[in-house]
Amino acid sequence: EPEVTQTPSHQVTQMGQEVILRCVPISNHLYFYWYRQILGQKVEFLVSFYNNEISEKSEIFDDQFSVERPDGSNFTLKIRSTKLEDSAMYFCASSKTSAEQYFGPGTRLTVT
Amino acid sequence: GQSLEQPSEVTAVEGAIVQINCTYQTSGFYGLSWYQQHDGGAPTFLSYNGLDGLEETGRFSSFLSRSDSYGYLLLQELQMKDSASYFCAVRDKGGATNKLIFGTGTLLAVQP
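Fair warning: this is a prediction, and the values are worked out from it, not measured in the lab.

(A) Structural view of the nonpolar core. All names here are of chain B. Counting residues in hydrophobic clusters, the biggest one holds 23 residues, and the most contacted among them are L4, L32, W34, L75, Y86 and L108. Broken down by secondary-structure element, the contributors of at least two residues to this core are strand 2 (9–13), strand 3 (18–25), strand 4 (31–37), strand 7 (60–65), strand 8 (70–75), strand 9 (84–91) and strand 11 (106–111). In contact with L4, not counting residues within four places along its chain, are C22, T23, Y24, T26, L32, C88, A89, V90, I101, F102, G103 and T104.

Encoded structure:
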């Protein structure tokens, strides 16, 4: 069964550094998302992407964040200058119809 | 504001039936999804209700009443492996990509 993959599984970085989190969505899906989950809390929407552009973004997704779909398979989230409060699990998701979203295993980002 | 309320914890025994309720208050609404999450892993899609009524998928059923802004997930014939967190999520009616707004999650503990 096809699945969403994410790399790396765990990323440790120092405050102020840039990180890129990578995702390979399911191949015939059209809608792509990033969510994050701070330890012990609920999953929060960051951004959605469709037709090669951002469709919607949350208040969390400020100028420090960007997304790209550089080729036909990868979908990346970049955080330009990480802060301590960016420490969280970041989930990529994709869907064919936007109704049923499939999540990847996540990247645990630790900012020190 | 937008909010989804769920009980924080539920405990049940193997073989029993358990119902996890979700009440929501959101600015837009397309439907209600349910996700299972084991130990901070990937949220796994369980069920989706776009219309009022009951949807059944094996041991899991989900119900929606749009007029009451209420839904529930019903788990039957509980197994130990069902111990996990369960999140309801509103599929938001905004933009082309319909982001998910997650509830606070219910930690289900299945005891022998």
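So, next bit.
(B) Seen up close, the sheet that holds strand 1 (residues 5–7) of chain A. Residues and elements named next belong to chain A. Reading across the sheet, the four strands line up as 1-3-8-7 and stay open at both edges, with antiparallel pairing between neighbours. Of all strands in the sheet, those bounded by a partner on one side alone are strand 1 and strand 7 (65–68). Strand after strand, the sheet turns through a mean of 20° between neighbouring axes, direction not considered. Relative to strand 3 (residues 19–24), strand 1 is paired through three bridges, and the arrangement is antiparallel.

(C) Quick look at the interface of chain A and chain B. Contacts between chain A and chain B engage 22 residues on the former and 22 residues on the latter. For the pairing of chain A and chain B, the buried interface totals around 1700 Å² over both sides, and the portion due to carbon and sulfur atoms is 56%. By the criterion of area lost to chain B, the three top residues of chain A are K42, E56 and F103 of chain A, representing 27% of everything that side buries. Run the count over chain A and chain B and you get one salt bridge. Its salt-bridge partner being E56 of chain A, residue K99 of chain B comes within 2.5 Å of it at the nearest N-O pair. Our count for the chain A to chain B interface comes out at five residue pairs in polar contact (both at pLDDT 80 or more). Listing elements by their share of the side of chain A that touches chain B, those giving two or more residues are strand 4 (31–37), strand 5 (44–50), strand 6 (53–57) and strand 9 (88–95) of chain A.

(D) Examining the side chain of K99 of chain B more closely. Among the structural elements, K99 of chain B can be located in the loop between strand 9 and strand 10 (100–102). A distance of 2.5 Å separates polar atoms of two side chains, one belonging to K99 of chain B and the other to E56 of chain A. A distance of 2.8 Å separates a polar atom in the side chain of K99 of chain B from a polar atom in the side chain of D92 of chain B. Ignoring sequence-local partners within four residues, the contact set of K99 of chain B consists of Y33, Y35, F45, E56 and Q101 of chain A together with V90, R91 and D92 of chain B.

(E) Summary view of the packing of aromatic side chains. Counted according to the given criterion, the structure contains 19 aromatic pairs over all chains. Plain terms: the ring middles of Y31 of chain A and Y50 of chain A are 4.6 Å apart, the flat faces sit at 10° to each other, and that makes the pair stacked. Taken as a pair, Y31 of chain A in strand 4 and Y50 of chain A in strand 5 lie far apart in primary sequence, 19 residues in all. Since its relative accessible area comes to 11%, Y31 of chain A is described here as buried. A relative accessible area of 29% means that Y50 of chain A is categorised as partly exposed. Ring pairs connect the aromatic residues Y33, Y35, F45, F91 and F103 of chain A together with Y35, F45, F87 and F102 of chain B, which therefore count as one cluster. Residue placement shows R91 of chain B over the ring face of Y30 of chain B; its charged tip is 4.9 Å from the ring centre.

(F) View of the layout of surface pockets. Considering only enclosed or pocket space, the largest pocket measures out at about 390 Å³ in volume. Lining of the largest pocket is provided by 22 residues; of these, Q37 and G40 of chain A together with Q37, G40 and S85 of chain B occupy positions nearest its centre. Of all the secondary-structure elements, those providing two or more residues to the lining of the largest pocket are strand 9 and strand 11 of chain B. If you add up the space inside the second largest pocket, you get close to 290 Å³. In terms of lining, the second largest pocket is formed by 15 residues, of which the most central are E3, Y102 and F103 of chain A together with P43 and T44 of chain B. Broken down by secondary-structure element, the contributors of at least two residues to the lining of the second largest pocket are strand 10 (102–103) of chain A together with strand 5 (44–49) of chain B. In the lining of the second largest pocket, the residues fall into nine nonpolar, three polar and three charged.

Reading guide: rules and limits
Every residue gets a number counted from 1 within its own chain, in the order that chain's sequence is written. For this description, chains carry letters from A and ligands carry numbers from 1, given in the order in which they are written. Local features in a predicted model are, by the rule used here, given only for residues with pLDDT of at least 70; side-chain atom pairs are given and counted only at 80 or more, and totals for whole chains, interfaces and linings are based on all residues. Note that water and hydrogens are dropped before the side-chain values are worked out from all heavy atoms of the structure. We define the nonpolar core as a collection of buried residues of types Ala, Val, Leu, Ile, Met, Phe, Trp, Tyr and Cys that are connected through side-chain atoms lying within 4.5 Å of one another. Residue exposure (1.4 Å probe, protein chains only): buried if accessible area is under 20% of the type maximum, exposed if over 50%, otherwise partly exposed. Helix numbering and strand numbering both begin at the N terminus, where a helix is a DSSP run of H or I of at least 4 residues and a strand a DSSP run of E of at least 2. Whether two residues touch is decided by their heavy atoms; if any such pair falls within 4.5 Å, the residues are in contact. DSSP calls a pair of strands paired once it identifies at least 2 bridges connecting them. Orientation is described by lines fitted to C-alpha atoms, with helices fitted over the stretch in contact, and by angles between N-to-C directions that extend from 0 to 180 degrees. Throughout, the accessible surface (probe 1.4 Å) given up by two parts as they are put together, summed over both, is called the buried area. We count a salt bridge whenever a side-chain nitrogen from Lys or Arg sits within 4 Å of a carboxyl oxygen from Asp or Glu. Definition of a polar contact: a pair of N or O atoms within 3.5 Å, with one able to donate and the other able to accept a hydrogen when the atoms are protein atoms, and with sequence-neighbouring residues admitted only if both atoms are side-chain atoms. Note on aromatic pairs: the rings of Phe, Tyr and Trp (six-membered ring only in Trp) are paired at centre separations within 6.5 Å, and the planes decide the class, stacked below 30 degrees, edge-to-face beyond 60, tilted for the rest. For a Lys NZ or an Arg CZ to count as sitting over a ring, it must be within 6 Å of the ring centre and within 35 degrees of the ring normal. Points on a 1 Å grid over protein atoms alone make up a cavity when a 1.4 Å probe fits among them but cannot get out, and a pocket when they form an open set with protein on both sides within 12 Å along at least five of seven lines; lining residues each have an atom within 4 Å of a point. Grid points are joined across faces, edges and corners, and a volume is the space filled by probe spheres set on the points. In this count, Pro and Cys sit with the nonpolar residues alongside Ala, Val, Leu, Ile, Met, Phe, Trp and Tyr, while Asp, Glu, Lys and Arg are called charged and the others, Gly among them, polar.

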